[in-house]
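# Coordinates in review
Single-letter residue listing:
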Amino acid sequence: MEEVSETLRQLTTDELKRNKAKYLPYLHNVRENHYDDLVKDFQQPGVFAGDMGDVIVKSMANILKTPLITLTNISNYEVITVTPDEFHN
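Residues numbered from 1 in each chain as written. Predicted model: local features only at pLDDT ≥ 70, side-chain atom pairs only at ≥ 80, totals over all residues. Heavy atoms only, no water.

### With respect to the overall build of the protein
Regarding its fold elements, the protein presents four helices and two strands. Ordering the α and β elements of the protein from the N terminus gives α-α-α-α-β-β. Against the globule reference of 12 Å for 89 residues, the protein gives a C-alpha radius of gyration of 13 Å, in line with a compact fold. Taken over the C-alpha atoms alone, the protein extends approximately 35 × 30 × 25 Å along its principal axes. The proportion of buried residues among the 89 residues of the protein is 28%. Considering only contacts in the protein between residues 6 or more positions apart, those separated by 24 or more positions represent 40%. (Helix = DSSP H or I, 4+ residues; strand = E, 2+ residues; numbered from the N terminus. Rg over C-alpha atoms; globule rule 2.2 N^0.38 Å. Buried < 20%, exposed > 50% of the residue type's maximum accessible area, 1.4 Å probe, protein only. Contact = heavy atoms within 4.5 Å.)

Set out below in structure tokens:
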């Protein structure tokens, strides 16, 4: 299972690097030059939350080309479905 996690983490960081212009607008509190540092941090095992948390889920949905269900502690939004930009047929 660790191999799968490492592979998904690498694919996610590759996606975030390749598509910076797509994901950066969703990070309202992140400057463009800080984005690269956050992606680099995410490459390390154990790093997930923080400013990149929501964008990471979207990038994973795009990589896997499948919707992902996210559980939250937000009232009235306990379950959020994150959809990819496009689906595999």
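Right, picking up where we left off after that structure.
### Here we look at the packing of helix α1 (residues 2–18) against helix α3 (residues 32–42)
Closest axis-to-axis distance for the α1/α3 pair is 9 Å, and the angle between their directions is 170°. What the angle tells us is that α1 and α3 run roughly antiparallel. Touching Arg9, Thr12, Thr13, Leu16 and Lys17 of α1 are Tyr35, Val39 and Phe42, all from α3. Among the residues forming the contact of α1 with α3, the class breakdown is four nonpolar, two polar and two charged. (Axes fitted to C-alpha atoms, helices over the stretch in contact; angles between N-to-C directions. Parallel < 35°, antiparallel > 145°, perpendicular 65-115°, else oblique. Nonpolar A, V, L, I, M, F, W, Y, C, P; charged D, E, K, R; others polar.)

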